[in-house]
Amino acid sequence: MDTLIGQGRTAIGLICDPDSFVENTVGAKSFDDPSFGPGAVVGTAKLDGKTVTVIANDADAFNEKFPVVYAGIIGMEEGYKMAQAVYASIEADKAESKANKRALVLVVDTPGNGPGKVEEIFGMNKATGAYQLALAEARLAGHPIVAMVIGRAISGAFLCHGLQADHILSLDSKFGTMIHVMPLTSISRIVKKDIEILEKLAEGNPVFAAGPRFFSKLGGVEEIVTEIDGMRDAVIRHVAAVRAAKVAGTDGETTGPWGRGALGAERAGRAVRPEVIALLQSELAQVASRYLPGAN
Amino acid sequence: MSKWSTLLSRSFLESNARERALGLVDDGTFTELVGPFDRRTSPHLETLGEAVEFDDGIVTGIGKIGKTPVFVISQEGRFIGGAVGEVGGAKMVGTIKAAIDFADRIAKDYPNATDEEKPIVAISFETGGVRLHEANAGLLAHAEVMDQLQKARHKVPVIALIGSKVGCFGGMGFVAAATDVIVMSEFGRLGLTGPEVIEQEMGKDEFDSADRALVYRTTGGRHKYVMGDCNFLVEDTIAAFRAQLAELAKLPREKFEELRRIGSEVLVAKQLKGVALAAEMQPKDSRDVWVHAGNPDPVSLALAPVADFRAQAKRLAL
Amino acid sequence: MALNTLEFECKSTAATVAVAKPVHFGVVGSGDLEILMSPAKNDGAVKVKVVTPVTGFDDLWRRVVGAFVENAKLGNVSIEINDNNATPAVVTLRLRQTLAEAAA
């Protein structure tokens, strides 16, 4: 197998316990209408014997109602369907402790959010926003969320499906995985710089070049998985690590988007970010008393 | 007349980010944080030989409206379209986080503080999302902002103000959607995929980005008001945005959840009714939806003065 | 490809005007610039730093800023400019506006 692009269901099978994936049921919620959000695959599986919610993209599906949805694009129905799967997971485990809340495994292979006039008229931004808020809520409630990039993780679609996870893993780019806002050729055209110059600059600065390696340097990807058959172990390992952090209460600083900020500094890819945040905090500290209750 | 009071009557659209920030809060109360004198320009733009700005295209700070501490984030569209890079993204993330920490401090040290004395965040959006010159860092900053918005829930109301030239698109389009309240002027535009990108991806038949009227009909403040995607539609002055903000600052904090469009299972179910309507109607134009919402003469309605529009417009019931 | 940084000094023959506190003005839009003007004890001279993507106009910058400093009788000031292809007329206008802001 040299790539998993377009094979979200295959990847679910490779990551989860054999034949454990039950599509369209999460907790008490079932998704009975096959024409609803077909570009999103949601369901429940076992991972190392434990119940997990799985959310993936279906690159073969075409949404008849919203024809901008194909090839794994997340449309309005897809975004809300994914959000519903997350809320159903939270609801199912609301009485559970952090040690037992089910993990969410995001299998990422999506080229974009639905672009289109109807989408803009009705607000595609709400659908993708709704899913991200749901993931952030689940993460903060104690569900470990691990994203596994198996194919395309492009720009806003990656923000939607992936970047709210506690930890993000990516298959090596030798399997065709793509993580970027735009390919370097497009960036070159838009910022009007020669591609050769950009490629050279990218060697020293990972902030604009495409690929998992550069995101890893920026702390945007926790681990690059070098073999397809290594995905399962990696996901199990990261779920366990994230769960341990949640139980210990250290997840706030070490996982999720905020934790990846710290990782970006540690890997020297995003060195300015923490300086700016620290400066802002120190400047605020000097004037804060003027804004506290009772101050004039 | 003081400089501040002259700001108030100014067009929000025509003003720059700093003028908006200063005018939104009470005279003399604004303290800029990581402002231009800190000279935190983008090292990545410098590497690429691109012009830099001392504030990296975003004004962040704290001010007051009455008794309410207001953390202000104001994006500058004239600097690279207000796009978000590493420095500007960190300022945005840092400001929301600071507001949450500030609320925690007040909750701990001032148990009798009234809601009016607790902080709010106001974000004036003017951006197409990620800055391509530092695209990866910009993208990661978006995810951080979204995370902070969820962390702010039930603690610090976050209010989106959209009335700038560039509008609010790309990743910031869903960041704005995820705030508690959205205030727009009729010149504000909110969406995900900008008009040029839709045309590029779907063809001119789907969307002619040069058709300004179409662009405003699809993503402009009036349409978003009819759809319920923006909560309040105000006149295009700094004073009008400020007045709406001042009114919201007095609102009991638990009321903000009621103003949300997304952020819970119930709200997702409600939005899905809209999606079902979209599938059923397959509208060719936003005005079809206006008619469906109970506005039989959308053309006149769209031309009515804002106050009349607000009084007359029927909003889509889901 | 990095940005072009230009640093020089100019001195008004009758420097009597200074700024009391640092002031910022402008937005680095296309064809525009921003300016920081701050007090700087410098023997009456004005220190200038220009950061711009444009190369090859060093003399023009000296002339334009020099003429402004002379006319404004400015001294003991530091001027920092971030430029994005502004014309000399825009540069002069923004320098005047910045000084007016400082006097306000």
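Structure: above.
None of these values were measured; they are calculated from a predicted model.

A.B. asks: What should I look at first to understand the overall build of chain B in this one?
C.D. replies: What chain B contains, in helices and strands, is 14 helices and 7 strands. The C-alpha atoms of chain B give 19 Å as radius of gyration, which agrees with the globular expectation for 318 residues (20 Å, within 12%). Out of the 318 residues in chain B, the part that is buried amounts to 67%. Considering only intrachain contacts with a sequence separation of at least 6, the fraction spanning at least 24 residues in chain B is 69%. As presented, chain B carries roughly 10500 Å² of accessible surface, and 53% of it is formed by carbon and sulfur atoms. Separation between the mean location of the 38 positive side-chain charges and that of the 45 negative ones in chain B comes to 4 Å.

A.B. asks: Sorry, what's going on with the interface of chain B and chain A here?
C.D. replies: Size of an interface: often given as the accessible area lost when the parts come together. Taken together, the contact between chain B and chain A spans 96 residues of the former and 78 residues of the latter. In total, about 7600 Å² of surface goes out of reach between chain B and chain A, with carbon and sulfur atoms giving 70% of it. Along the contact surface separating chain B from chain A lie 6 salt bridges. Its salt-bridge partner being A:Arg273, residue B:Glu144 comes within 2.8 Å of it at the nearest N-O pair. Viewed at the interface, chain A and chain B are joined by 32 residue pairs in polar contact (both at pLDDT 80 or more). Looking at side-chain class alone, the side of chain B that touches chain A contains 43 nonpolar, 28 polar and 25 charged residues.

A.B. asks: What should I look at first to understand the sheet that holds strand β3 (residues 68–75) of chain B in this one?
C.D. replies: Two strands in a sheet stick together by hydrogen bonds in their backbones, pointing the same way (parallel) or opposite ways (antiparallel). Residue and element names in this part refer to chain B. What the 7 strands build is an open sheet, ordered β1-β2-β3-β4-β5-β6-β7; its pairing is mixed. Because the sheet does not close on itself, it has two edges, and the strands there are β1 (31–32) and β7 (232–234). Across 4 bridges, the pairing between strand β4 (residues 120–124) and strand β5 (residues 158–162) is parallel. Across the sheet, the residue bridging to Ser-124 is Leu-161, located in β5. Taken strand by strand, helix α2 (residues 17–24) contacts β1, β2 (58–65), β3, β4 and β5, and its axis lies near 165° from that of β3. Helix α10 (residues 238–249) contacts β2, β3, β4, β5, β6 (181–185) and β7 of the sheet and is inclined by roughly 160° relative to β6.

A.B. asks: Any chance you could explain the nonpolar core here in plain terms?
C.D. replies: Note that soluble globular proteins tend to have their nonpolar side chains buried in a common cluster. Counting 138 residues, the largest nonpolar core has A:Phe122 and B:Phe125 as the members making the most contacts within it. Residue contributions to this core peak at 11 residues, all from helix α4 (residues 86–109) of chain B. Those residues in contact with B:Phe125 that sit more than four places away from it in its chain are B:Gln75, B:Met92, B:Ala160, B:Leu161, B:Ile162, B:Ser164, B:Gly167, B:Cys168, B:Met172, B:Val175 and B:Ala176. Membership of the second largest hydrophobic core comes to 28 residues, among which are B:Phe12, B:Ala122, B:Leu161 and B:Ile238.

A.B. asks: Help me out: how do you make sense of the sheet that holds strand β1 (residues 4–10) of chain C in this one?
C.D. replies: Residues and elements named next belong to chain C. A sheet is described by the order of its strands in space; here 5 strands give the open sequence β1-β4-β5-β3-β2, paired in mixed fashion. The outermost strands of the open sheet, each flanked by one partner alone, are β1 and β2 (23–26). Looking at each pair of strands side by side, their axes are set apart by 15° on average, direction ignored. Alignment of β2 against strand β3 (residues 32–39), held across 4 bridges, turns out to be antiparallel. Its bridge partner being in β3, Val-23 is matched across the sheet by Met-37. Helix α1 (residues 58–72) contacts β1, β3, β4 (46–52) and β5 (77–84) of the sheet and is inclined by roughly 40° relative to β1. Sheet strands touched by helix α2 (residues 88–103): β2, β3 and β5. Its angle to β3, the strand with the most contacts, is close to 40°.

A.B. asks: I tried to follow the layout of surface pockets on my own but got confused; where do I start?
C.D. replies: Unfilled space is identified by rolling a water-sized probe across the atoms. Roughly 1500 Å³ of internal volume is contained in the largest pocket. In this structure, the largest pocket is lined by 50 residues; those nearest its centre are A:Ser155, A:Met182, B:Gly128, B:Gly194 and B:Val197. Secondary structure elements with two or more residues in the lining of the largest pocket: α5 (155–160) and α6 (184–191) of chain A together with α6 (171–177) and α7 (195–202) of chain B. The leading source of residues in the lining of the largest pocket is α7(B), at 6 residues. Across the lining of the largest pocket, the residue classes break down as 25 nonpolar, 16 polar and 9 charged. The computed volume of the second largest pocket comes to approximately 1200 Å³. Taken together, 37 residues form the lining of the second largest pocket, with B:Lys3, B:Arg18, B:Leu22, C:His24 and C:Glu101 sitting closest to its centre. Grouping the constituent residues of the lining of the second largest pocket by class yields 14 nonpolar, 9 polar and 14 charged.

A.B. asks: Can you walk me through the packing of aromatic side chains in this structure?
C.D. replies: Two measures describe an aromatic ring pair: the distance that separates the ring centres and the angle between the ring planes. Residue and element names in this part refer to chain B. In the structure shown here, the tally under the stated rule is 5 aromatic pairs over all chains. With 5.8 Å between their ring centres and 55° between their planes, Tyr-225 and Phe-309 make a pair best called tilted. Taken together, the residues span a long stretch of sequence, with Tyr-225 in helix α9 (residues 221–227) and Phe-309 in helix α14 (residues 306–312) at a distance of 84 residues. Among the residues examined, Tyr-225 registers a relative accessible area of 10% and is labelled buried. Its relative accessible area of 0% is what places Phe-309 among the buried residues. Consider the rings of Trp-290 and Phe-309, whose centres lie 5.8 Å apart with planes at 50°: the pair is tilted.

Quick notes on the rules
The written sequence of each chain sets the order in which its residues are numbered from 1. Written order determines the labels here, with chains lettered from A and ligands numbered from 1. Residues qualify for local features only when their pLDDT is at least 70, as the model is predicted, and side-chain atom pairs are given and counted only at 80 or more; totals for whole chains, interfaces and linings, by contrast, use all residues. With hydrogens and water stripped out, all remaining heavy atoms of the structure feed into the side-chain values. Elements are defined by DSSP. Helices are runs of H or I of four residues or more, strands are runs of E of two residues or more, and each kind is numbered from the N terminus. For this measure, only C-alpha atoms enter the radius of gyration; the expected value for a globule follows 2.2 Å times N^0.38, where N is the number of residues. Note on exposure labels: buried denotes an accessible area under 20% of the residue type's maximum, exposed denotes more than 50%, and partly exposed covers the range between, all computed with a 1.4 Å probe on protein chains only. Working rule for contacts: check all heavy atoms of both residues, and any pair within 4.5 Å makes them a contact. To be clear on the numbers: accessible area is Shrake-Rupley with a 1.4 Å probe, and residue cover counts the displayed protein chains and nothing else. Within this scheme the basic residues Lys and Arg register as positive and the acidic residues Asp and Glu register as negative, but His and the chain ends are omitted. To locate a charge, take atom NZ for lysine, CZ for arginine, CG for aspartate or CD for glutamate. Accessible surface is computed with a 1.4 Å probe, and the buried area is the amount of it that two parts give up when combined, taken over both parts together. A pairing counts as a salt bridge when a side-chain nitrogen of Lys or Arg comes within 4 Å of a carboxyl oxygen of Asp or Glu. Whenever a nitrogen or oxygen atom comes within 3.5 Å of another N or O atom, the pair is scored as a polar contact, on the condition that within protein one atom can donate a hydrogen and the other can accept it, and that pairs from neighbouring residues in sequence are kept only if both atoms are in side chains. Residues are grouped as follows: Ala, Val, Leu, Ile, Met, Phe, Trp, Tyr, Cys and Pro are nonpolar; Asp, Glu, Lys and Arg are charged; every other residue, Gly included, is polar. Two strands form a pair only when DSSP identifies at least two bridges running between them. To get an axis, a line is fitted to the C-alpha atoms, and for a helix only the part in contact is used. The angle between two axes follows their N-to-C directions and goes from 0 to 180 degrees. Among buried residues, those of type Ala, Val, Leu, Ile, Met, Phe, Trp, Tyr and Cys that are joined through side-chain atoms within 4.5 Å constitute a nonpolar core. Space inside and on the surface of the protein is sampled on a 1 Å grid over the protein atoms alone, with a cavity defined as a set of points where a 1.4 Å probe fits but cannot get out and a pocket as an open set with protein on both sides within 12 Å along at least 5 of 7 lines; lining residues have an atom within 4 Å of a point. Grid points are joined across faces, edges and corners, and a volume is the space filled by probe spheres set on the points. Note on aromatic contacts: the rings of Phe and Tyr and the six-membered ring of Trp form a pair at centre separations within 6.5 Å, being stacked when their planes are under 30 degrees apart, edge-to-face when over 60 apart, and tilted otherwise.

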